[in-house]
Amino acid sequence: MLEEVIFAGFGGQGVLSMGQVLAYSGMIEKREVCWMPSYGPEMRGGTANCIVTVSDSEISSPIIGRFDTVVALNQPSLDKFQSAVKPGGTLIYDSTNIIDPPTRTDIDVVPIPASEEAVKMKNTKIMNMIVLGAFLEKRHAVKIETVLEALRKVLPERHHHLIPLNEQALQRGGELANAAVPVA
Amino acid sequence: MLEEVIFAGFGGQGVLSMGQVLAYSGMIEKREVCWMPSYGPEMRGGTANCIVTVSDSEISSPIIGRFDTVVALNQPSLDKFQSAVKPGGTLIYDSTNIIDPPTRTDIDVVPIPASEEAVKMKNTKIMNMIVLGAFLEKRHAVKIETVLEALRKVLPERHHHLIPLNEQALQRGGELANAAVPVA
Amino acid sequence: MEKSMQEIEHHYDEMSIVCERPATLLDTRMHYCPGCGHGVAHRIVMEAVEELGIQEQTVGIAPVGCSVFAYHYMNIDMQEAAHGRATAVATGVKRCHPDKYVFTYQGDGDLAAIGTGETIHTVNRGENILIVFINNAIYGMTGGQMAPTTLINQKTSTTPYGREQQFMGNPLKITELLAQLPGAFYVTRQAVNTPLNVRRAKKAILNGFKYQKLNKGTSFVEIVSNCPTNWGMKPVESNKWLEEHMLPFFPLGDMKVPSKEDIEHA
Amino acid sequence: MEKSMQEIEHHYDEMSIVCERPATLLDTRMHYCPGCGHGVAHRIVMEAVEELGIQEQTVGIAPVGCSVFAYHYMNIDMQEAAHGRATAVATGVKRCHPDKYVFTYQGDGDLAAIGTGETIHTVNRGENILIVFINNAIYGMTGGQMAPTTLINQKTSTTPYGREQQFMGNPLKITELLAQLPGAFYVTRQAVNTPLNVRRAKKAILNGFKYQKLNKGTSFVEIVSNCPTNWGMKPVESNKWLEEHMLPFFPLGDMKVPSKEDIEHA
Amino acid sequence: MAKVRGDVSIDIEKCKGCELCVVACPQDALALSRDINKQGYHYAVLVEDVCTGCTNCSLVCPDAVITVYREDKKTGQKVPVAEIRNVTGDIKVTVGTEEEAGA
Amino acid sequence: MAKVRGDVSIDIEKCKGCELCVVACPQDALALSRDINKQGYHYAVLVEDVCTGCTNCSLVCPDAVITVYREDKKTGQKVPVAEIRNVTGDIKVTVGTEEEAGA
Amino acid sequence: MGELRLMKGNEALAEAAIRAGMDAYFGYPITPQSEVLEYLTREAYRRTECTILQAESEVASINMVYGAAGTGARVMTSSSSPGISLMQEGISYIAGAELPCLLVNVNRGGPGLGTIQPSQGDYFQSVKGGGHGDYRLIVLAPATVQEMADFVEDGWDLADKYRNPVMILTDGALGQMMEKVELREQRDRGARQIPAWATVGKSKDRERNIITSLFIQPEEMEQVNLRLQEKYRLIEKNEIRVQEINTEDADFIIVAYGLSARIGRKVMELLRNEGIKVGLIRPITLWPYPYETIGNAAQHVKGFLSLEMNAGQMVEDVRLAVNGRCPVGHYGRMGGIIPSPEEVAEVIKDMYSKINH
Amino acid sequence: MGELRLMKGNEALAEAAIRAGMDAYFGYPITPQSEVLEYLTREAYRRTECTILQAESEVASINMVYGAAGTGARVMTSSSSPGISLMQEGISYIAGAELPCLLVNVNRGGPGLGTIQPSQGDYFQSVKGGGHGDYRLIVLAPATVQEMADFVEDGWDLADKYRNPVMILTDGALGQMMEKVELREQRDRGARQIPAWATVGKSKDRERNIITSLFIQPEEMEQVNLRLQEKYRLIEKNEIRVQEINTEDADFIIVAYGLSARIGRKVMELLRNEGIKVGLIRPITLWPYPYETIGNAAQHVKGFLSLEMNAGQMVEDVRLAVNGRCPVGHYGRMGGIIPSPEEVAEVIKDMYSKINH
Ligand SMILES: Cc1ncc(C[n+]2csc(CCOP(=O)(O)OP(=O)(O)O)c2C)c(N)n1
Ligand SMILES: Cc1ncc(C[n+]2csc(CCOP(=O)(O)OP(=O)(O)O)c2C)c(N)n1
Ligand code: SF4
Ligand code: SF4
Ligand code: SF4
Ligand code: SF4
Ligand code: SF4
Ligand code: SF4
Ligand SMILES: [Mg+2]
Ligand SMILES: [Mg+2]
């Protein structure tokens, strides 16, 4: 099994942490994992992304150009990375703030109104967990239970009361993923 | 023809300049010449020396360990370099300020009371020219006339009135060299 | 608070422009974070160049810091210097072209940490250049580490518990030091957090350029600025913090101004 | 003037020694030129170490300069630092061994030219060390080039026509700058050209060592000294020149002294 | 409606929504739009026709995207504008929350 | 001969003949020898038995080769000297020019 | 088994330093390694009371390291390419004074300010001596976050064993990426005893200690140089580390270190699936270099490819090792671009076919 | 024929710089090359009004050179080993920004403070890049005071031709010794025209000029690197300089540069007198290196000796050139000691006999 995914969006949308949660979960499931953030002054521009690889065998390069899955949380990221999805791969994006939707037809395009949903769930911070839920539903890279275990491990005690909310978010993301209709 | 000589003494005794005059003269006589000074903090100690090579063929190393002639103007220099005279070579030294005279018997030892003589000639500055005269008399590396020509070229106009005095000194040095009796 | 919803109809054609982006500042989006003082500082430097009409005689030196890309925005000949060495580079330029207007634009890490030696000796030689010093009390570009100008107890990524004088020393008032040097001709500290301060800062920059004509020494303009991103604040807050914490320690004002004679003697 | 010729008979055995080479100064011939102030400076530093009985707790840092071989003479543990970096090296030592007495011994080129950045930041951090600064207004070791402290119009091998402010800048009074820094605890300028000044200089060195116990900041002792060889003078003349030319520009005296509280609070 | 004496044009695609102009405006004439530009920022817009052309907003704007206009007092005459920046006029401007917007 | 109150011993082989002690001596008790040591320097010597043990010479000596002695006032008692430096006593001391020396 | 964590390479390195009983760290921020200093300022002092100091520059850092190392302290600094260049004088002094310490270069793309992206462009500087004079650094090249952690203590131990500076040469990708890492136990700082040569105050019972690299007399200086060279020969004899994969039956060998070696391994797998018998040699110590391992392999293979993230640097050492016995090629990407296994595979197939015809 | 003088190498170099139309010199004193700055402060400004500035350090010097070179000025700096190490970051920037300038290293013995005596210990640093990243300096190695003078203008011309820094790598002996030297005419400083890329003020008729080595996007940075590499290949093609003596009939060849080449020549004479057919190859450009010349010679000789004043650095390039075709030895002295022709002759006889049996 090998999953190569990139999470991209604005800083503050929690793209780096959702990647870390995935990597940590992979580690719990005894997989080889690698998490590689974009770094340096691009951050100034406000955009951020991270590449996560989860694999059964040794991982070679942490930086890759084509992905099984691209998760884009804003327009610039969508524009930049939609072409990097491998044919037959998956493109998940937050449809709330997208003006020009993706155009590719050779891949599985999954629009998720994540921000909108997060507002409905009264906590914009969990937007990334909704998206992660959609990702898991589509790619089965790791089990949801593992993610929750990971959260218990990485979140400081004082935030553990949020775990149920995160669980809902993951679930909701899964549902949205199944309900998703690509705007073709 | 190849002459490898070292001039050694205190700074201020004019060892460097006598070497330069010799080198310059060699150049006038269309020889290959090389002048190599000791440099760096030894100068602090007050001692100075320069190696001069005059040759008909290309000169390889400017720094050498054994010499045809050693010219020593003080005790430390004499102690340091007398062993560096090639067998059959020449050792010229200012006998005025020497407490322990040289001991080697396999070389031509030429004591010159240069400082004393300079005092007699009422100009201590020309001590080095007296010694140079002795050197020329013994080794014939270059002609005295050439040295005088060299002096005319290197000395600034305002010092040209000293050239006759220098000539006397060179001559006197030659005489002393012939008169010299090694203290065995 | 309530706001009217209809779009305001504009009347541009009935009026004249009283303030706009200077032509010397290229019309490209700057990479700076929202609300970053570097943008304002860039603009006033370029406004000065435009107003003095010296675009063709000006050479700017960019530092290593967030403003490393100054040359992407300033429409003049520029050199990108190694970290901390902008004033040495400027010296190289100015000594070869004494007739040009030469300035450096440097951050606090660049000018007052790694570049301390170059800064002090350039000013001590009285190199006839303008040094624009952007003091935001932090290393912006590298992600918010302690700067020489970081305040006591200020939290940064390398002073996670606040800067402790005991271990990390004191915020360095390098501008005060430089004002002591005979080579310094004009030394002032300004800010760009309010419209008034922006006006004053621009005036200082204008002086810094003008004085190069006199060939009497170095002009040094410190600009106290913000770093919303690494201070972890919204731009508006960051300017408040700047006013409440930085300005008391780095008071604004002139530290060394040319005498009448200095200026007339030209 | 006439002098009696017979050899004086000595009476050592009837008296006690009131002044002699300190045991902490090794009994080897120093490589310094005749009359060089480095020798006196070495001696008083080592006298201080002996009198305070801290030979076993002292680590000295030698510079690159004529005093590069200080460790040949000072009978203590020493490190030879890269040119200008003595205070950084001292920082490394002191931070690992806060209980030791650490001092640097540096020339003007070493401390105030290439080492400017390290010097300023070490004092600004208030590293709890003693810095001994030998200012002889020249680069001695390398043969008499201009130093940052070389006086205007002073001839050196790189200012053959005298130092011109216009091209080579001003003599740098780095000690005055350092005195401004909060990290500086004790800053003074001394000389070793007369018996009285030697006494005072030694007192200053003693203070510099003592204050390390208080852990309150950096002690900095400048010693205005001579360089007969590169000044091209006899030692006696050189001291006269020092008095007539250097001291007016580099006036002797304390620039920053601890307050009573500072000292009692320990 | 207040007599117009000043006006601003904002290059909203370069605006980063830092809000510095908003707080700098003595007339309280500016606000951030609820919509975002291509960069994802809530850009500044003139929301009250009370601009005096004081240029404060423009002075503090880090991205130099505000052009300020003013009625030319001396001549009283209306001076034509050199050039108008690439302001995309067709962007609907709504401020505050949905609800308010609906009001 | 003046009542001896002080004395100096000079390590003449390390002396560099800088003359600083000579000018520093308030008693004018020191001078440079006409002879040179192994290093070639005219070394300093005590030439007048008027030393007060004021230590001035020793303080300014860059090579730390002067040991100063003084009669112990407090006790009045003659304290034996710890150790005497390697002064080669057998060196003949002449000062000034040949002629003077002859006088 | 030790504690398992998901960590960034830079943080794993910093954590390992604390656990290895570090006494002092001096450094200056630079991307992509600022996390080292940042992590240490958060963690180190509180846990072991060791010294962590942000210096005013890399020049100051390396000379602080000199001073601390001179007292026998377990000390390190870290930086990235431009900062390491500034340290070259200090490094040469440290090598000349034979001071044990750990230097970390998280290599980014050069020359000049270049890019902050990963690179292997500093190979020459690290192994041939970027500073002046004849000296050598022991250079360790980790390929995983695990090794980023492990080589810290290993490096210090080597440094102490030979009184020689050790460099960990890694890159921006290894520094920034997270992988799982198993951490060693916390060493007690007190345990290490201060070496006899350290300058910590001259006790009555010994001669004074002097830390210096200055030997003004040529004869003396030459003796020092000869002693250094002897030491280097000894290190070459004892400390070479290299990893060989599938070299026994290989017809063609990829030589690569650090991150490139991971790519190389993937390339090997791809090509073996296509029936080309490719092996991999990964030098772990870049100095001393595994000339012999490569030389032996050269007896029975048809060719080598040196795979690097630079314009061709280590390839010179591969050629020296192969010494003409078969063709040696180089493939590299620059500017922060990591070659993809696929493109490298193509290069090798191409070269391989040429060799066979 | 030009003016004939007896001059020190350092002074000949300084005089040649004035005559070549130097616009600016920035430097910091260090033995054994301080005479360069000293001579220039005496002579240069008065004669050509060029800029001569004693900087506060070598770091400042090299960055002043960067600034001046960025305006298209004919600029140089000089130093010796430790000072050159301090310049490594600046040199890498200059190479990255492609600024033409002249750097002079009067090599002394290292590592560290070492000794002020002559050495060739900085060969690696000069030719493999002491700074970070993939870059090259054109390195010229004079062997006589005459070449100390000649290579100054030649160096600047090469620098201008390729927009690349050029280094003159010499040593303390060549710098301090006096030989006769023939000087070229004084060039008119005004004559050289300012290049189009220079930052001297953006005139209306052109885009602004930017001097930088920063290219944050990997793709862009790689393009810059590839362009640099292309330039380096071109230089390797056009600018190799090498002197061959008695190589045609030689059975054994000494490879040596700079002062060592003079020793090597004497060794050759000694051995030819003894009937051993020895030849000499003297690389004049150390980069680009005369691999081909040496490689060709390797076809017909029995062995090589790389004669250096170091522990064995250039020998690696000789081996790369010979590529296993015959044995390559190294002989070197260190710490400022210059090998005597006699001792080297013994070494070769010994090696030679071993080869023959
Ligand atoms: C030699 C060197 N050391 C360190 C760095 C990393 N670096 C880049 S910018 C910077 C400091 C930036 O801070 P500042 O100068 O205050 O500028 P700001 O970003 O705050 O405007 C540092 C340390 C570098 N590029 N080169
Ligand atoms: C990096 C470096 N640059 C230059 C030098 C050469 N150098 C040795 S000592 C010295 C200056 C000595 O002057 P100062 O510090 O005033 O000491 P002094 O000899 O006058 O006591 C210089 C420039 C060096 N050794 N290392
Ligand atoms: S990091 Fe700080 S200084 Fe840099 S651009 Fe962002 S706000 Fe400005
Ligand atoms: S050169 Fe000057 S400073 Fe150095 S030892 Fe001689 S007199 Fe003293
Ligand atoms: S100040 Fe400028 S960038 Fe900031 S919100 Fe206002 S217009 Fe936009
Ligand atoms: S010009 Fe003045 S009044 Fe008009 S919007 Fe800007 S700040 Fe407000
Ligand atoms: S001061 Fe010292 S060195 Fe100088 S002459 Fe007197 S005794 Fe000799
Ligand atoms: S101790 Fe005083 S009196 Fe005696 S010799 Fe010395 S200076 Fe003169
Ligand atoms: Mg800053
Ligand atoms: Mg000095």
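Anything mentioned here points back to the structure above.
Residues numbered from 1 in each chain as written. Chains lettered and ligands numbered in written order. Predicted model: local features only at pLDDT ≥ 70, side-chain atom pairs only at ≥ 80, totals over all residues. Heavy atoms only, no water.

Engineer: Even after reading the chapter, I still don't get the overall build of chain A, so can you show me in this structure?
Structural biologist: Across its full length, chain A holds seven helices and six strands. Counting from the amino terminus, helix and strand elements in chain A follow one another as β-α-β-α-β-β-α-β-β-α-α-α-α. Radius of gyration (C-alpha) of chain A: 15 Å, near the 16 Å computed for a compact globule of 184 residues. Referenced to the eigenvectors of the C-alpha coordinate spread, the extents of chain A come out at roughly 40 × 40 × 35 Å. A buried classification covers 57% of the 184 residues belonging to chain A. (Helix = DSSP H or I, 4+ residues; strand = E, 2+ residues; numbered from the N terminus. Rg over C-alpha atoms; globule rule 2.2 N^0.38 Å. Buried < 20%, exposed > 50% of the residue type's maximum accessible area, 1.4 Å probe, protein only.)

Engineer: Got a minute to help me understand the site of ligand 2 in this structure?
Structural biologist: Around ligand 2, the surrounding shell holds 23 residues, and the nearest of these are His 38, Asp 108, Asp 110 and Gly 140 of chain D together with Glu 58 of chain H. Proximal residues around ligand 2 fall on chains D, G and H, making this an inter-chain site. Contact distances for ligand 2 include 2.9 Å between an oxygen atom and a backbone N or O atom of Cys 66 of chain D. The separation between an oxygen atom of ligand 2 and a polar main-chain atom of Gly 109 of chain D is 2.9 Å. Protein burial of ligand 2: of its 590 Å² of free accessible surface, 99% is covered by the chains. For the shell around ligand 2, the secondary-structure elements that each account for two or more residues are α4 (108-114) and β6 (138-139) of chain D. Counting residues per element, the shell around ligand 2 draws most heavily on α4 of chain D, at four residues. Its residues assigned to classes, the shell around ligand 2 comprises 11 nonpolar, eight polar and four charged. (Near = heavy atom within 4 Å. Polar contact = N/O pair within 3.5 Å; in protein donor to acceptor, adjacent residues only side chain to side chain. Areas by Shrake-Rupley, 256 points an atom, 1.4 Å probe, with all protein chains shown as cover. Nonpolar A, V, L, I, M, F, W, Y, C, P; charged D, E, K, R; others polar.)

Engineer: What exactly am I supposed to notice about the interface of chain G and chain H here?
Structural biologist: As a measure of interface size, the accessible area lost when the parts come together is often cited. If you look at the interface, chain G gives 58 residues, while chain H gives 58 residues. When chain G packs against chain H, close to 4800 Å² is buried across both sides, 59% of that on carbon and sulfur atoms. In terms of surface lost to chain H, no three residues of chain G exceed Pro 111, His 132 and Met 334 of chain G, which account for 14% of the buried area on that side. For the pair chain G and chain H, the interface holds four salt bridges. A salt bridge links Glu 316 of chain H to Lys 128 of chain G; its shortest N-O distance comes to 2.8 Å. Along the contact surface separating chain G from chain H lie 33 residue pairs in polar contact (both at pLDDT 80 or more). Counting only elements with at least two residues in the side of chain G that touches chain H, the list comes to α4 (81-86), α5 (88-96), β6 (115-118), α6 (123-127), α9 (218-238) and α12 (314-322) of chain G. Of all the elements, α9 of chain G adds the most residues to the side of chain G that touches chain H, at eight residues. Residues that form the side of chain G that touches chain H fall into these classes: 20 nonpolar, 27 polar and 11 charged. (Contact = heavy atoms within 4.5 Å. Buried area = accessible area lost by both parts, 1.4 Å probe. Salt bridge = Lys/Arg side-chain N within 4 Å of Asp/Glu carboxyl O.)

Engineer: Is there a simple way to explain the interface of chain B and chain F in this structure?
Structural biologist: At the junction of the two partners, chain B supplies four residues and chain F supplies five residues. Summed over both sides, the interface of chain B with chain F buries roughly 360 Å², with 61% coming from carbon and sulfur. By the criterion of area lost to chain F, the three top residues of chain B are Phe 10, Asn 97 and Ile 99 of chain B, representing 62% of everything that side buries. One can count zero residue pairs in polar contact (both at pLDDT 80 or more) joining chain B with chain F.

Engineer: Help me out: how do you make sense of the sheet that holds strand β12 (residues 252-255) of chain H in this one?
Structural biologist: Strands pair in a sheet through their backbones, by hydrogen bonds, and they do so in one of two ways: parallel or antiparallel. Residue and element names in this part refer to chain H. Taking strand neighbours across the sheet as the criterion, the five strands line up as β11-β13-β12-β15-β16 in an open arrangement whose pairing is mixed. In this open sheet, the two edge strands, each paired with only one partner strand, are β11 (242-245) and β16 (328-332). Neighbour-to-neighbour, the strand axes of this sheet turn through a mean angle of 20 degrees, independent of strand direction. Examined bridge by bridge, strand β15 (residues 303-308) and β16 share five bridges and lie parallel to one another. (Pairing = 2+ DSSP bridges. Axes fitted to C-alpha atoms, helices over the stretch in contact; angles between N-to-C directions.)

Engineer: Help me understand the relation of the copies chain G and chain H, please; the structure alone is not making it clear to me.
Structural biologist: Between the two copies of the chain lies a rotation about an axis combined with a shift along it. Superposition record for chain G on chain H: RMSD 0.0 Å, screw rotation 180 degrees, translation along axis 0.0 Å. Considering both components of the superposition, the chain copies are consistent with a two-fold axis. For chain G, the residue whose C-alpha comes nearest the rotation axis is Gly 130 of chain G, separated from it by 1.9 Å. Interface overlap between copies is the fraction of interface residues in one copy that are interface residues in the other; for chain G against chain H it reaches 100%, indicating a shared surface. (Least-squares fit on C-alpha atoms with pLDDT ≥ 70 in both.)

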